Amino acid sequence: MEANIHSLYQKVSKGNLVISHEGAIDSDLISTFLAKVEDSLLQDGENAKRVRKIYNILVEALQNLYHHQEIPPKAFLDSMQIPGLGQYVFFVMTKENSGNYRVTCGNFVLKSKVKVLRDRMEQLNSLSQEELKELYKIILNNDEFSEKGGGGLGFIDMARKSGNKFGYEFINFDDKFNFFIFEVLVS
Amino acid sequence: MDSINIEGTPKTPTISFDAKSGNIEIKGRSIPENSIEFYKPLVDWLDKFSDVAQGTVNVNIQLEYFNTSSSKCILDVFKKLENIQNKNKAEVVINWYYEEDDEDMLEAGEDYQSILKIPFKMVEIAD
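As a starting point, this report considers the structure included with it. Every value quoted in this text rests on a predicted model; they were computed, and no experiment measured them.

**Overview of the overall build of chain A**
Phase 1 of the analysis: Along its length, chain A carries seven helices and five strands.
Phase 2 of the analysis: Tracing chain A from N to C terminus, the helices and strands come up as α-β-α-α-α-β-β-α-α-α-β-β.
Phase 3 of the analysis: Rg of the C-alpha trace for chain A: 16 Å, near the compact-globule value of 16 Å for 187 residues, within the 12% margin.
Phase 4 of the analysis: With respect to the three principal axes, the spread of C-alpha positions in chain A is 45 × 40 × 30 Å.
Phase 5 of the analysis: Total accessible area on chain A is roughly 8900 Å²; 50% of this is exposed by carbon and sulfur atoms.
Phase 6 of the analysis: Separation of charge centres in chain A, based on 22 positive and 25 negative side chains, amounts to 4 Å.

**Examining helix α5 (residues 111–126) of chain A**
All names here are of chain A.
Phase 1 of the analysis: Between the first and last C-alpha of α5 there are 23 Å, a value that for 16 residues agrees with the 22 Å anticipated at 1.5 Å per step.
Phase 2 of the analysis: Among the residues of α5, Val114, Leu117, Met121, Leu124 and Asn125 are the ones counted as buried. Mapping the buried residues of α5 onto a view down its axis gives an arc of 110 degrees, with all of them on the same face. Set apart from the buried face of α5 by more than 90 degrees, the exposed residues are Ser112, Lys115, Val116 and Ser126.
Phase 3 of the analysis: Contacts made by the buried residues of α5 are with β3 (101–110), α6 (129–140), α7 (154–162), β4 (167–172) and β5 (177–186).

**Details of the nonpolar core**
Phase 1 of the analysis: Counting 85 residues, the largest nonpolar core has Val57(B), Phe78(B), Leu81(B) and Tyr112(B) as the members making the most contacts within it.
Phase 2 of the analysis: For this core, the element with the most residues is helix α3 (residues 48–67) of chain A, which contributes nine residues.
Phase 3 of the analysis: If sequence neighbours within four positions are ignored, Phe78(B) has contacts with Ile61(B), Ile94(B), Trp96(B), Tyr112(B), Leu116(B), Ile118(B) and Phe120(B).
Phase 4 of the analysis: With 16 residues, the next largest nonpolar core counts Leu77(A), Phe90(A), Leu110(A) and Phe177(A) among its residues.

**Focus: the interface of chain A and chain B**
Phase 1 of the analysis: The partner chain B presents 27 residues to the 33 residues of chain A that form the contact.
Phase 2 of the analysis: Both faces combined, the contact of chain A with chain B buries some 2600 Å², and carbon together with sulfur accounts for 48% of it.
Phase 3 of the analysis: Counting the contacts that link chain A with chain B gives nine salt bridges.
Phase 4 of the analysis: Between Asp111(B) and Arg160(A) there is a salt bridge, and its shortest N-O distance comes to 3.0 Å.
Phase 5 of the analysis: Applying the counting criterion to the chain A and chain B interface returns 22 residue pairs in polar contact (both at pLDDT 80 or more).
Phase 6 of the analysis: Put simply, the parts of the chain that give the side of chain A that touches chain B at least two residues each are α2 (27–43), α3, α6 and α7 of chain A.
Phase 7 of the analysis: It is α3(A) that provides the largest number of residues to the side of chain A that touches chain B, a total of 11 residues.

**A short note on the sheet that holds strand β6 (residues 120–125) of chain B**
Residues and elements named next belong to chain B.
Phase 1 of the analysis: What the six strands build is an open sheet, ordered β1-β2-β3-β4-β5-β6; its pairing is mixed. Taken across any chain shown, the strands that pair with only one partner, and hence form the sheet edges, are β1 (4–6) and β6. Direction aside, the axes of adjacent strands within the sheet are offset by 15 degrees on average.
Phase 2 of the analysis: Bridge count between β1 and strand β2 (residues 14–18): three bridges; the pairing is antiparallel.

**Concerning the packing of α6(A) against α7(A)**
Helix packing for two helices is described by the angle between their axes and how far apart those axes are.
Residues and elements named next belong to chain A.
Phase 1 of the analysis: One way to put it is that α6 packs onto α7 with a least axis distance of 10 Å and a crossing angle of 150 degrees. The angle between α6 and α7 falls in the class roughly antiparallel. Between α6 and α7 lies a crossing of left-handed hand. Taken together, the residues of α7 that come into contact with α6 (itself represented by Gln129, Leu132, Lys133, Leu135, Tyr136 and Ile139) are Ile156, Asp157, Ala159 and Arg160.

**Points about the pairing of β2(B)**
Residues and elements named next belong to chain B.
Phase 1 of the analysis: Residues Ile15 and Phe17 point to one face of β2 and are all buried, whereas Thr14, Ser16 and Asp18, pointing to the other face, are not buried.
Phase 2 of the analysis: Here β2 pairs with strand β3 (residues 23–30) via five bridges, running antiparallel. Counterpart to Phe17 in the pairing with β3 is Ile24.
Phase 3 of the analysis: The antiparallel hairpin formed by β2 and β3 contains four residues in its connecting segment, where Gly22 sits at a positive phi of about 75 degrees.

**A short note on the packing of aromatic side chains**
Phase 1 of the analysis: Counting across every chain of the model gives 27 aromatic pairs over all chains.
Phase 2 of the analysis: Where Phe155(A) meets Phe182(A), the ring centres are 5.0 Å apart and the plane angle is 65 degrees; that geometry is what we call edge-to-face. Of this pair, Phe155(A) sits in helix α7 while Phe182(A) sits in strand β5, placing them 27 residues apart in sequence.
Phase 3 of the analysis: The class of Phe155(A) is buried, set by a relative accessible area of 13%.
Phase 4 of the analysis: Take Phe182(A): its relative accessible area is 3%, and that puts it in the buried class.
Phase 5 of the analysis: Seen from their ring centres, Phe66(B) and Tyr112(B) are 6.5 Å apart, and the 35 degrees between their planes marks the pair as tilted. Taken as a pair, Phe66(B) in strand β4 (residues 55–66) and Tyr112(B) in helix α3 (residues 103–115) lie far apart in primary sequence, 46 residues in all.
Phase 6 of the analysis: Joined through ring pairs, the aromatic side chains of Tyr9(A), Phe76(A), Tyr88(A), Phe90(A), Phe108(A), Phe173(A), Phe177(A) and Phe179(A) make up one cluster.
Phase 7 of the analysis: The ring of Tyr136(A) has Arg160(A) sitting right over it, with the charged end atom 4.9 Å from the ring centre.
Phase 8 of the analysis: The ring centre of Tyr55(A) lies 5.0 Å from the NZ or CZ of Arg29(B), which sits over that ring.

Cut-offs used in this document
- The numbering scheme is per chain: residues are counted from 1 as the chain's sequence reads.
- Here the convention is simple: chains get letters from A, ligands get numbers from 1, in the order in which they are written.
- Where totals are concerned, whole chains, interfaces and linings use all residues; where local detail is concerned, this predicted model gives features only for residues with pLDDT of at least 70, and gives and counts side-chain atom pairs only at 80 or more.
- Computation of side-chain values: all heavy atoms of the structure, hydrogens and water removed.
- We count a stretch as a helix when DSSP gives it H or I for four or more residues in a row; a strand needs E for two or more, and each element gets its number in order from the N terminus.
- Radius of gyration: C-alpha atoms only; globule rule: 2.2 Å multiplied by the number of residues to the exponent 0.38.
- Residue-level accessible areas treat just the shown protein chains as cover; the underlying method is Shrake-Rupley with a 1.4 Å probe.
- Two residue types count as positive, namely Lys and Arg, and two as negative, namely Asp and Glu; His and chain ends fall outside the count.
- The location of each charge is read from NZ of Lys, CZ of Arg, CG of Asp or CD of Glu.
- Take the residue count of a helix, subtract one, and multiply by 1.5 Å to get its expected span.
- For every residue, the accessible area obtained with a 1.4 Å probe (protein chains only) is divided by the maximum for its type, and the residue is called buried under 20%, exposed over 50%, and partly exposed between those limits.
- The arc in question is the one traced by the directions running from the helix axis out to the C-beta atoms.
- Every residue pair with non-hydrogen atoms within 4.5 Å of one another is taken to be in contact.
- By convention a nonpolar core is built from buried Ala, Val, Leu, Ile, Met, Phe, Trp, Tyr and Cys residues, the set being connected through side-chain atoms within 4.5 Å.
- By buried area we mean how much accessible surface two parts lose on assembly, using a 1.4 Å probe and totalling the loss over both.
- Each salt bridge in this description consists of a side-chain nitrogen of Lys or Arg and a carboxyl oxygen of Asp or Glu lying within 4 Å of one another.
- Counted as a polar contact is a pair of N or O atoms within 3.5 Å, where, for protein atoms, one must be capable of donating a hydrogen and the other of accepting one, and residues adjacent in sequence contribute only when both atoms are in side chains.
- Think of it this way: DSSP has to see at least two bridges between two strands before they count as a pair.
- Note on geometry: axes are lines fitted to C-alpha atoms, helical ones only across the stretch in contact, with angles between N-to-C directions running from 0 to 180 degrees.
- Comment on the angle field: the value is read as roughly parallel under 35 degrees, roughly antiparallel over 145, roughly perpendicular from 65 to 115, and oblique elsewhere.
- Left-handed is the label given to a crossing in which the near helix is rotated counterclockwise from the far helix by less than a right angle, and right-handed is the label when the rotation is clockwise.
- Note on aromatic pairs: the rings of Phe, Tyr and Trp (six-membered ring only in Trp) are paired at centre separations within 6.5 Å, and the planes decide the class, stacked below 30 degrees, edge-to-face beyond 60, tilted for the rest.
- Both a distance and an angle decide whether a charge sits over a ring: NZ of Lys or CZ of Arg must be within 6 Å of the ring centre and within 35 degrees of the ring normal.

If you want it as structure tokens, here you go:
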């Protein structure tokens, strides 16, 4: 099973790669990625409006991973052969021939939290732009911050900004974890 | 009452809160992982400022990017400003700046406007 996640990462890392990473993620790494992607988009001649949209989605995707890193079993971490690795997520951004950008994230999710997350994905994929806007405002205006420090708005914001439906999959890992693959397209 | 002046970083905005002139400015990028840590002192400052504010409180928000974690904190800032307005001692005006082709930023300002009961002025920045 361990090998599957790494090969999955390799599989989504194919194509015209803008950035890719597997392992732990921290604040400095997020800053580095964001600066690198912004530079590379501008160098590619993307217009400012599109760069802003992609940048915004990237911030949310990366910070989602940052706030929701779980510690997977030691055997899995050891199999990665990355010295000192304590957590694991992956993150891939590719540019497709159509000119669209695809952002794919992978992280471990506790089985107890899968249903809530799956329901959230289904819900967001079913809503229109107008409904997403209303939901965003309702959640913005409640006073709650989640235990991980997120505001519960990240996915809604990505749905609004991308204008596309999310791709997602929950892969059975062991008794405790599923591996969650999340994909957002910026067209 | 002391002012707050904070230099911007790639992830946090430039802050200039001046009690004397009543000018309040947030400018740049607001994308920290932990936004509560950054905004808490600002929200606390506004709490104290609400006791002394008078005349016109001129608020300039000129953000290039902000993450969803900041969006809640920015709403907290606005709610404190709404309190000041409600005390009837000062008039609060919020100027929300956006680049001319940045519809997402304009829409973000309109989202706040629809939640709050303080006057918003949408200000387009021409290139």
